[in-house]
Each structure stands twice: as C-alpha cells, then as structure tokens.
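Coordinate analysis (summary)
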Amino acid sequence: MNVFELDKQFIANTYGRFNLQIVKGKGSLCYDEKGFEYIDLGTGIAVNTFGFCDELWVKAVTEQLNTFQHTSNLYYQKPSVDLAKMLCEKTGMKKVFFSNSGAEANECAIKTARKYAENTKGKEYFNIITLINSFHGRTITTLSATGQEVFHKDFLPLTEGFLYCPANDVNALTELVKNNKVAGIMFETVQGEGGVLPLEEDFVNQMVKLAKENDLLLIADEVQTGNGRTGKLYSYMNYGFMPDIVSTAKGLAGGLPLGATLFNEKTENILKAGMHGSTFGGNPVACSGALSILERLDEKLLKEVEEKSKYIIDSLSNVKGVKSITGKGLMLGIETEKDAKEIALKCLEKGVIVLTAKNKVRLLPALNIPMELLEKSINIIKEVL
Ligand SMILES: *Cc1c(COP(=O)(O)O)cnc(C)c1O
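Below or above, wherever it landed, is the structure these notes cover. (Residues numbered from 1 in each chain as written. Predicted model: local features only at pLDDT ≥ 70, side-chain atom pairs only at ≥ 80, totals over all residues. Heavy atoms only, no water.)

**Considering the overall build of the chain**
For clarity, the cut-off: Here a strand is any run of E in DSSP of at least two residues, a helix any run of H or I of at least four, and the numbering for each starts at the N terminus. As a reference, a globule follows 2.2 Å times the number of residues to the power 0.38, and the radius of gyration itself is taken over C-alpha atoms. When accessible area is computed with a 1.4 Å probe and restricted to protein chains, residues below 20% of their type maximum are described as buried, those above 50% as exposed, and intermediate ones as partly exposed. Any two residues whose heavy atoms approach within 4.5 Å are treated as being in contact. Each accessible area value is a Shrake-Rupley result obtained with a 1.4 Å probe; residue values ignore everything except the protein chains displayed when judging cover. The charged-residue count follows a simple rule in which Lys and Arg add positive charge and Asp and Glu add negative charge, with His and chain termini not counted at all. One atom stands in for each charge, and that atom is NZ of Lys, CZ of Arg, CG of Asp or CD of Glu.
For the chain, the helix and strand inventory stands at 13 helices and 17 strands. Computed over its C-alpha atoms, the radius of gyration of the chain comes to 21 Å, within 12% of the 21 Å expected for a compact globule of 385 residues. Over its C-alpha atoms, taken along the principal directions, the chain stretches across nearly 60 × 50 × 45 Å. In the chain, which comprises 385 residues, the share counted as buried stands at 52%. In the chain, the share of contacts with a sequence separation of at least 24, taken over all contacts with a separation of at least 6, comes to 72%. If you sum the accessible surface of the chain, you get close to 17800 Å²; carbon and sulfur atoms cover 53% of it. Taking the 44 positively charged and 47 negatively charged side chains of the chain as two groups, their mean positions are separated by 1 Å.

**Quick notes on the sheet that holds strand β4 (residues 95-99)**
The condition is simple: Pairing between two strands requires that DSSP report at least two bridges joining them. Lines are fitted to the C-alpha atoms to define the axes, a helix being fitted only along its stretch in contact, and any angle between axes, read from their N-to-C directions, falls within 0 to 180 degrees.
One open sheet holds the seven strands; their spatial order is β4-β12-β11-β10-β7-β5-β6, and the pairing between them is mixed. The open sheet terminates on both sides in strands that have one partner only, identified here as β4 and β6 (162-165). The mean angle between the axes of side-by-side strands here comes to 20 degrees, regardless of whether they run parallel or antiparallel. Both strand β7 (residues 182-187) and strand β10 (residues 217-221) contribute to a ladder of four bridges, which runs parallel. Bridge assignment links Ile 185 to a residue of β10, and that residue is Leu 218.

**Regarding helix α9 (residues 201-214)**
In plain terms, the rule: To estimate the expected span of a helix, count its residues, drop one, and scale the result by 1.5 Å. What the arc covers is the set of directions going from the helix axis to the C-beta atoms.
With 14 residues, α9 extends 20 Å from end C-alpha to end C-alpha; this agrees with the ideal 20 Å at 1.5 Å per step. When we look at burial in α9, the residues that qualify are Phe 203, Val 204, Met 207, Leu 210 and Ala 211. Seen end-on, α9 carries its buried residues on one side only, within an arc spanning 125 degrees. Among the exposed residues of α9, those pointing more than 90 degrees away from its buried face are Glu 201, Lys 212 and Glu 213.

**Things to note about the site of the ligand**
The condition is simple: In these notes, residues near a molecule or strand are those with any non-hydrogen atom within 4 Å of it. What qualifies as a polar contact is a pair of N or O atoms within 3.5 Å, subject to a donor-acceptor requirement within protein and to the restriction that residues adjacent in sequence count only when both atoms come from side chains. When residues are sorted by character, Ala, Val, Leu, Ile, Met, Phe, Trp, Tyr, Cys and Pro go into the nonpolar class, Asp, Glu, Lys and Arg into the charged class, and all the rest, Gly among them, into the polar class.
Lining the immediate environment of the ligand, one finds Ser 101, Gly 102, Ala 103, Asn 106, Phe 135, His 136, Gly 137, Glu 188, Asp 221, Val 223, Gln 224 and Lys 250. Here Phe 135 contributes a backbone N or O atom positioned 3.1 Å from a nitrogen atom of the ligand. Between Gln 224 and the ligand, the recorded distance is 2.8 Å, taken from a side-chain N or O atom to an oxygen atom. Starting from 390 Å² of accessible surface for the ligand in isolation, the protein chains cover 82%. Residues belonging to the shell around the ligand are distributed by class as follows: three nonpolar, six polar and three charged.

**Examining the environment of Ile 11**
Examined against the element boundaries, Ile 11 turns out to sit in the loop between α1 (3-10) and β1 (24-26). For the pair Ile 11 and Leu 363, spaced 352 residues apart in the sequence, the C-alpha separation amounts to 27 Å.

**Digging into the packing of helix α8 (residues 170-179) against α9**
The criterion, for reference: Working rule for angles: under 35 degrees goes down as roughly parallel, over 145 as roughly antiparallel, 65 to 115 as roughly perpendicular, anything else as oblique. Each crossing gets its hand from how the near helix is turned against the far one by less than a right angle, where anticlockwise is left-handed and clockwise is right-handed.
At their nearest, the axes of α8 and α9 sit 10 Å apart, and the two run at 15 degrees to each other. Looking at the two axes, α8 sits roughly parallel to α9. Every pair of crossing elements has a handedness; the one defined by α8 and α9 is right-handed. Contact with α8, carried on its side by Val 170, Leu 173, Thr 174 and Val 177, involves Asp 202, Phe 203, Gln 206, Met 207, Leu 210 and Asn 214 of α9 and no other residues of that element. Tallied by class, residues from the contact of α8 with α9 come to six nonpolar, three polar and one charged.

**Observations concerning the pattern of salt bridges**
The condition is simple: When a carboxyl oxygen of Asp or Glu lies within 4 Å of a side-chain nitrogen of Lys or Arg, that pair is called a salt bridge.
Considering all chains together, one arrives at 20 salt bridges under this definition. Salt-bridge contacts for Glu 118 lead to Lys 123; the nearest nitrogen and oxygen are separated by 3.1 Å. On the basis of relative accessibility, which here comes to 63%, the residue Lys 123 falls in the exposed class. A salt bridge links Lys 303 to Glu 307, with the shortest nitrogen-to-oxygen separation between them at 3.3 Å. Highlighted residues: Lys 303 and Glu 307, both in helix α11 (residues 299-317), separated by four residues, approximately one helical turn. For Lys 303, a relative accessible area of 54% puts it in the exposed group. Through salt bridges with shared partners, one network takes in Lys 115, Glu 118 and Lys 123.

Written out as structure tokens, the structure reads:
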C-alpha cells in the first residue's frame, strides 16, 4: 500500500486532507513523491515561520538534540529559561508557562483567569467572555471557549463558564459584562479560523476600558497571530494595550511543538507549585528552535513582513474574482467569487499551496519568503482567480 492508502486504513478520519504527500522541503519550496515542486503559502498553518529546514534553525535544533533531548520539569535546563527571558524582554510580560500546543497554552490561560478571579472577587466569577467565530482549540474546555456552534454539537456537555459575544459589538460586550460574573475576556485580535477577521480598533479600546473598570483579565490568544505573523511580534501590539495573559504556539518554535502562556505583573504569581504542569512542556529541543526563530524577529524582519503584505494586497485587490482582502501582515484572507476550496485545489494543481478559512482563501507564507517566489505564486493565484 502507498502512503495515501495506509493513511486511509490506519489514521483516524479526523482530517479532510488535500491529495498531496510532502516528502521534502527547503525554504518556501517543497516536493511531492513524484518530484513535483510547490511554493508553500501555508507553512503548515503558520508553523514553519522561516519555511522548511531553515539552516540556522536546523543547526540550533540539532545541536540541542545532540546535547540532551529532555529532562522533565523536575530539573532546571537552560534553553527554556533563555527562551522565557527573551519572550519577557520582547513583550514586557513577566513570566512564562511552557506547554506543547495552542490548546494547552489556552487551557493554562483559562485556569489562571479562573484562579485570579477566585482570589480577587470570589469563586462565582468564573465566566470568560469569548467572541463568536473565535477558535481556541480542540480540548473540551478550549472547544467550549471557541465561539462556533459547529465545533460544539457532537461533544456536549461543554465546560461551563463561557459567554459568547459577537466580535466588534461593543453593546453586546457591555451587556455581557454587566449581567454576568466575569473573570476575563479571551480573543484573537485577528480571528484566524473564523475567516481572517481583525478586531476593530474601537471595539478593542472599549474592551480594554471595560476590563479596567471591572477588573477583567484580557487574554490575547496569539496562537496563530503571534511570532511576527501580523507584522508585529504579537498582534496585540498593532493596538495600544497590554494583555494580562498572552497564549501562543504555532509559529513559536518554527516547526516543533511548543506552547507558551505569558503572564504580566497581575497574573505572574497566580499559579503556584503543583497547580499546573506538563511532561513535555518547555522541551529543550523545541525551546532551542524557538530561540533561533525569536531572536531573528527584529524590526527589519517585521518591516519585510509589512512590505510583502502590501505587495500581496496591492497585487490581488483589483483582480477579477476577488471580493475583499482582510487580515494583517502575512496572515491574509481573500474573499473570492468562486468557492475558496475549489481555488485552493486549483492552486495546488498549479504548484502553489494555499489554505482556506471559512469562505476565504487564506495565505500564511513563511515570513522570509523570497520576493521572487512570492511574485511567482501570486501570479499563479491571479490566473486561478
Ligand atoms: C490553531 C489555534 C489554536 C489551537 O492550537 P493547537 O496547537 O492546534 O492546539 C488555538 N487558538 C488559535 C487562535 C489557533 O489558531
């Protein structure tokens, strides 16, 4: 049996896969089993921050792999403290909890928010407001946090304590805060899976104001938007506020599983010894990969992200078949006249990997994609459109 047949037989049917087997990659190019070349504008869903097998990243990861691969969190190890220090220095946050995925980073954020509310206001303030069309993960609790009915219906009952607010609806948010005992508000500043939709500035400002007045924690889910993706190191930096908790994962370690939950001065000491943990969390190999990514996400690189973003938007805005383009930086959603999935399949046939989100074609290229490959791939997308 070939890979396609083996997958059908032995892997649980949870994914609607594209008909593509990737056998190797370098930078923004990858190859299937027949040697056909693809330009990758999906980066494994915003994971391969610097593309496939980036040289400095491979070096950092293999060096650590040849030193020691795991210790358990019962002992101290340098890659995790170096990474936590760098994350804090680059954001102004105070402490970090490491896990292995976005869902886990959010679980930690939710536990912390509940504990904070219990400490400051009382046990009954356990509710967390999330936004409709959000996506926060696949565990039962992060699924419950996710404001999309489609993900809920097969797994009831959900974890209680989540209230859903339409994104950008200040009145609805004000009412929810007024009428419930609320611990915090959790949000993506650009909704990814929900259709690449940025929050409006005015909504964010009002949310920050409400949080201040009611001592609500602001929890920024930066799992997809983080690590340079939107042209800032973290997407909340596109707005003028500081969250109390930041969760991130996907692109953080450039292709290895790593989640991080960042705490500010309000939340850094809420979790105490024994209250939370993870066997693999802060794995030294993953942290070494993350260090190699994070230290290169400087002003110059972020400026390039903005320039490439502008190039894509300028190139596609007036193309026939494009209805709108949303998003920030290199996280862009193209609303098309034709079905987005059909366009993604056509692009794949022509050697360009793109993603979809709801009714949009979603682009999440490597932050360092060479301009010539970007131009080539955008021209192919134009043809398909
Ligand atoms: C992907 C994603 C998650 C879940 O991350 P996993 O690593 O798949 O658990 C959570 N929040 C957002 C915004 C995401 O895009």
